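Here is how the chains run, residue by residue.
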Amino acid sequence: MEQQLDAVPLDYGAVRAAAERIAGAVRPVAVIPAGDGISYALEYLQHTGSFKARGARNFLAAHRAAGTLPDAGVTIASGGNAGLACAWAARAESVPATVFLPATAPRVKVERLRGYGADVRLVGDRYTEALDACREFAAGSGALSSHAYDHPLIAAGAGTLLDEIRTALPGLDTVVVAVGGGGLFAGVATAAREHGVRVIAAEPENCRALNAALEAGGLVDVSVDSVAADSLGATRVSADALAAVREENAESVLVPDPAITEARRALWEEHRIVVEAGAATALAALRVAPRRPGERVAVVLCGANTDPGDLGRAAS
């Protein structure tokens, strides 16, 4: 049965099934007007502080329903937000969570993980090293292995965000999302394609796993060097994300780090909104991507798990 869940196709049916599983367990997204046809989807208000709660809850709920959620619980390798979501969802399912992170993960995320009751293990300084340790642990313990982004149930859970935005914004034309490993983008783009909504995939110039795969014509590893690397620092994008960006309703946009920092500062100064640099990447992309006349756009502000001291410096 676990193999069957791994093979679930990422299509709109999977997104709708995810919406049914997580109904009442996640917070419906709040959407606010920001002027000039732009609205902000405040997904950073979600449980655990990011959109990742949707996919994690869907993943564990599907395994619970299938009878494949072991007593050993769940394990994941994550730069932070996915680990938080996994630990939160595991606590809701009353099973243990063992989370592997790079030693470079922000302190605020490590502390919050432990607050959710997770067994936190810091390994190496890159995501791939934490992932290898996680796989070894899963093989030896029997824990269910989750993934930060590359799983159809994770992406489908993230994709539930799109229909909620459309409910709040009838006639939505375009949605902008930041891309790290591509789980949010793949899920949102899948749902958006069903409704003819354009999706802009936003990445930092030096943290561009999706854009590089599109350029190369296949999945490739990339180096990671960006102010947004703590949340968008995947070295390889998912196959589902690459497939999604090749569709007619999607496009890839790269933005430089200074533009991300400026977008983050503007969110604070103009709206008193505090988000991660990864979330601000979506707004930065909108500022450089061509707009269509009368276009109604939603910018997904996807996470706010960041160091308050860093936020203070960015706002000064």
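To be clear, the structure that these remarks concern was listed above.
These figures come from a predicted structure and were not determined experimentally.

Asks: Whenever I open this one, unusual backbone geometry confuses me. Can you help?
Replies: Note on backbone geometry: most residues besides glycine have negative phi, and most peptide bonds are trans. Phi at D36 takes a positive value of approximately 60°, unusual for a residue other than glycine. With respect to the helices, strands and loops of the structure, D36 is situated in the loop between strand 1 (31-35) and strand 2 (38-41). Its relative accessible area of 65% is what places D36 among the exposed residues. Unusually for a residue other than glycine, T48 sits at a positive phi of about 70°. Looking at the element boundaries, T48 is found in the loop between strand 2 and helix 3 (52-66).

Asks: Would you mind showing me how to read the sheet that holds strand 10 (residues 297-300) here?
Replies: Within a sheet, neighbouring strands are paired by backbone hydrogen bonds and run either parallel or antiparallel to one another. Within the open sheet, the six strands sit side by side as 1-2-10-7-8-9. Their pairing is mixed. Each having just a single partner strand, strand 1 and strand 9 (250-255) make up the two edges of the open sheet. Taking each pair of neighbouring strands and ignoring which way they run, the sheet shows an average axis angle of 25°. Direction of pairing for strand 7 (residues 174-178) relative to strand 8 (residues 198-204): parallel, over a ladder of five bridges. In the sheet register, V177 faces strand 8, and the bridge partner there is A201. Each of strand 7, strand 8, strand 9 and strand 10 is contacted by helix 8 (residues 183-195), which is oriented at about 165° to strand 7, the strand it contacts most.

Asks: Explain helix 6 (residues 127-141) to me, please; I cannot follow it from the model alone.
Replies: Since one α-helical turn is 3.6 residues long, residues separated by three or four positions face the same way. In this model, helix 6 (15 residues) spans 21 Å end to end at C-alpha, consistent with the 21 Å of a helix rising 1.5 Å per residue. Considered for burial, the residues of helix 6 that qualify are Y127, A130, L131, A133, C134 and A138. Down the axis, helix 6 shows its buried residues gathered within 165° of arc, on one side only. Across helix 6 from its buried face, at more than 90 degrees, point the exposed residues E136, A139 and G140. Positive phi shows up at G142, right after helix 6, with a value of about 85°.

Asks: Sorry if this is basic, but what is going on with the pattern of salt bridges here?
Replies: For side chains of opposite charge, pairing can occur when their charged atoms come near one another. Applying the stated criterion across every chain, the model contains 16 salt bridges. The shortest N-O distance in the salt bridge between E43 and R54 comes to 2.6 Å. Taken as a pair, E43 in the loop between strand 2 and helix 3 and R54 in helix 3 lie far apart in primary sequence, eleven residues in all. Judged by its relative accessible area of 1%, E43 is buried. Note that D132 is salt-bridged to R135, the shortest N-O span being 4.0 Å. Taken together, the residues span about one helical turn, with D132 and R135 both in helix 6 at a distance of three residues.

Conventions we followed
Residues numbered from 1 in each chain as written. Predicted model: local features only at pLDDT ≥ 70, side-chain atom pairs only at ≥ 80, totals over all residues. Heavy atoms only, no water. Helix = DSSP H or I, 4+ residues; strand = E, 2+ residues; numbered from the N terminus. Buried < 20%, exposed > 50% of the residue type's maximum accessible area, 1.4 Å probe, protein only. Pairing = 2+ DSSP bridges. Axes fitted to C-alpha atoms, helices over the stretch in contact; angles between N-to-C directions. Contact = heavy atoms within 4.5 Å. Expected span 1.5 Å × (residues − 1). Arc of directions from axis to C-beta. Salt bridge = Lys/Arg side-chain N within 4 Å of Asp/Glu carboxyl O.

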